[in-house]
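# Examining the three-dimensional arrangement
So the chains spell out like this:
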Amino acid sequence: MVNLDPENIPRHVAVIMDGNGRWAQERGEDRVYGHINGVESMRKVIRAAVDCGVEYLTVYAFSTENWGRPEQEVTALMELLCKTIANETNELKQNGVRMRFIGDIQALSKEVRAAISKSEKETFQNRKLTLIIAVNYSARWEITQMVRKVAVQVRDEGLQIHDITADTVAANLVTAGIPDPDLLIRTSGELRLSNFLLWQLSYSELYFTDIYWPDFDEEAFYQAIHEYQQRDRRYGLLAKK
Ligand code: IPE
Ligand code: IPE
Ligand code: MG
């Protein structure tokens with residue numbers, strides 16, 4: 001097992017869980033088989049995050065662009081989401097995990113919305129790890145709705161244009177109150193952000209691995225944190241001597 005510095009654990013880790021479809025196809029299986037196996041990886045990563053003291057874990061489960069996939073895959077993903085929330089909430093609750101969902105939740109089916117709101121209510125008191133699941137999320141959607149909200153505050157609530165700051169922007173994103181990710185992990189070898197948390201990832205350390213999501217496990221997660229611990233986060237300043 002990799003040795004981690006307990007003093008330098010990222011407070012917030014974001015993950016683009018990618019490669020389920022290719023993982024399944026390489027095994028001659030339907031893409032949905034990959035999504036089903038991806039749930040187990042999520043379980044492992046949640047466990048690892050709790051064990052090493054990560055406070056926030058955000059995972060990209062379904063993007064606004066993913067609606068364009070074949071209907072059969074979209075339906076299967078939504079069903080899997082409902083089923084997984086129903087099956088896992090109790091255990092997550094017992095393990096001190098608070099669940100939150102970000103994205104255009106209103107546009108989801110009644111069943112999915114009900115599952116989401118139940119799990120958020122039931123785990124509201126938990127403080128060990130906040131698990132944020134991005135569903136029907138895209139950063140451009142998020143930024144657009146932020147602009148609308150701020151415009152309404154200018155029009156109706158007396159907000160002065162010169163008082164709009166970076167803090168105003170952050171406070172009107174769906175991640176308001178959540179610290180920015182320290183580390184972003186993307187699996188499956190793709191080197192892009194795919195419309196994920198564009199504002200929040202401004203100063204995150206980026207980690208890419210070729211491992212497909214269904215093969216990603218605790219050890220792979222710790223490896224990413226180990227690599228993060230070697231980075232020098234300068235934020236535009238000079239290296240520490
Ligand atoms: C990630 O795996 C899961 C979702 C986007 C829902 P993919 O389904 O994108 O798998 P690949 O990238 O096609 O292999
Ligand atoms: C990003 O993966 C979305 C999720 C992981 C939910 P995609 O597979 O949809 O992204 P692209 O198509 O490779 O950019
Ligand atoms: Mg993909």
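Now for a quick tour of the structure. (Residues numbered from 1 in each chain as written. Chains lettered and ligands numbered in written order. Predicted model: local features only at pLDDT ≥ 70, side-chain atom pairs only at ≥ 80, totals over all residues. Heavy atoms only, no water.)

## Looking at the site of ligand 2
Around ligand 2, the surrounding shell consists of Ile16, Met17, Asp18, Tyr60, Ala61, Phe62, Asn66, Arg69, Arg186, Arg192 and Ser194. At 3.3 Å from an oxygen atom of ligand 2 is found a side-chain nitrogen or oxygen belonging to Arg69. Arg192 is positioned such that a nitrogen or oxygen atom in its side chain is 2.8 Å from an oxygen atom of ligand 2. Considered on its own, ligand 2 offers 390 Å² of accessible surface; in the complex 78% of this is hidden by protein. Applying the majority rule of atoms within 2 Å of the grid points places ligand 2 in the largest pocket. Residue contributions to the shell around ligand 2 peak at 3 residues, all from strand β2 (residues 56-63). A breakdown of the residues in the shell around ligand 2 according to their chemical character gives 5 nonpolar, 2 polar and 4 charged. (Near = heavy atom within 4 Å. Polar contact = N/O pair within 3.5 Å; in protein donor to acceptor, adjacent residues only side chain to side chain. Areas by Shrake-Rupley, 256 points an atom, 1.4 Å probe, with all protein chains shown as cover. 1 Å grid on protein atoms, 1.4 Å probe; cavity = no way out; pocket = protein on both sides within 12 Å on 5 of 7 lines; lining within 4 Å. Sits in = over half its atoms within 2 Å of the grid points. Helix = DSSP H or I, 4+ residues; strand = E, 2+ residues; numbered from the N terminus. Nonpolar A, V, L, I, M, F, W, Y, C, P; charged D, E, K, R; others polar.)

## Some words on the site of ligand 1
Every one of the 13 residues lining ligand 1 counts as a neighbour, but Asp18, Gly21, Arg22, Arg31 and Arg69 are closest to it. For ligand 1, an oxygen atom lies 3.2 Å from a polar atom in the backbone of Asn20. The fraction of the free accessible surface of ligand 1 (370 Å²) that becomes covered by protein chains is 86%. Taken atom by atom, the bulk of ligand 1 overlaps the largest pocket. When contributions to the shell around ligand 1 are tallied by element, the ones reaching two or more residues are α1 (20-25), α2 (31-52) and α3 (71-94). Of the residues forming the shell around ligand 1, the biggest block, 3 residues, is contributed by α1.

## A word on the nonpolar core
Judged by nonpolar contacts, the single largest core of 47 residues is most densely connected at Ile46, Val54, Leu57, Leu131, Ile185 and Phe221. For Leu131, the contacting residues outside a window of four places in its chain are Ile46, Leu57, Val59, Leu92, Val97, Arg98, Met99 and Arg100. Counting 14 residues, the second largest nonpolar core, distinct from the first, contains Ile102, Ile132, Leu184 and Leu197. (Core = buried A, V, L, I, M, F, W, Y, C linked by side-chain atoms within 4.5 Å. Buried < 20%, exposed > 50% of the residue type's maximum accessible area, 1.4 Å probe, protein only. Contact = heavy atoms within 4.5 Å.)

## Quick look at the sheet that holds β2
Sheet strands associate in pairs through backbone hydrogen bonding, adopting either a parallel or an antiparallel arrangement. Strand order in the open sheet made by the 6 strands is β3-β4-β2-β1-β5-β6, with parallel pairing throughout. With partners counted over all chains shown, the strands left at the sheet margins are β3 (97-102) and β6 (205-208), one partner each. Mean inter-strand twist for the sheet, computed between neighbouring axes without regard to direction, equals 20°. (Pairing = 2+ DSSP bridges. Axes fitted to C-alpha atoms, helices over the stretch in contact; angles between N-to-C directions.)

## Quick look at the packing of α2 against helix α7 (residues 218-230)
Geometry of a packed helix pair, given as the angle between the helix axes and the separation of the axes. The N-to-C vectors of α2 and α7 enclose an angle of 50°; their axes lie 8 Å apart at closest approach. Relative to α7, α2 is oriented oblique. Here the hand of the crossing between α2 and α7 comes out right-handed. Each of Lys44, Val45, Arg47, Ala48, Ala49, Asp51 and Cys52 in α2 lies in contact with α7, whose residues at this interface are Glu218, Phe221, Tyr222 and Ile225. Residue composition of the contact of α2 with α7, grouped by class: 7 nonpolar, no polar and 4 charged. (Parallel < 35°, antiparallel > 145°, perpendicular 65-115°, else oblique. Left-handed = near helix turned anticlockwise from the far one by under 90°.)

## What to know about the packing of α3 against helix α4 (residues 110-122)
Where α3 meets α4, the axes come as close as 10 Å, and the angle between the chain directions of the two elements is 15°. Between α3 and α4, the angle falls in the class roughly parallel. α3 and α4 meet at a crossing whose hand is left-handed. Listed contacts from α4 to Met78, Leu81, Cys82, Ile85, Thr89 and Lys93 of α3 are Glu111, Val112, Ala115, Ile116, Ser119 and Glu122.

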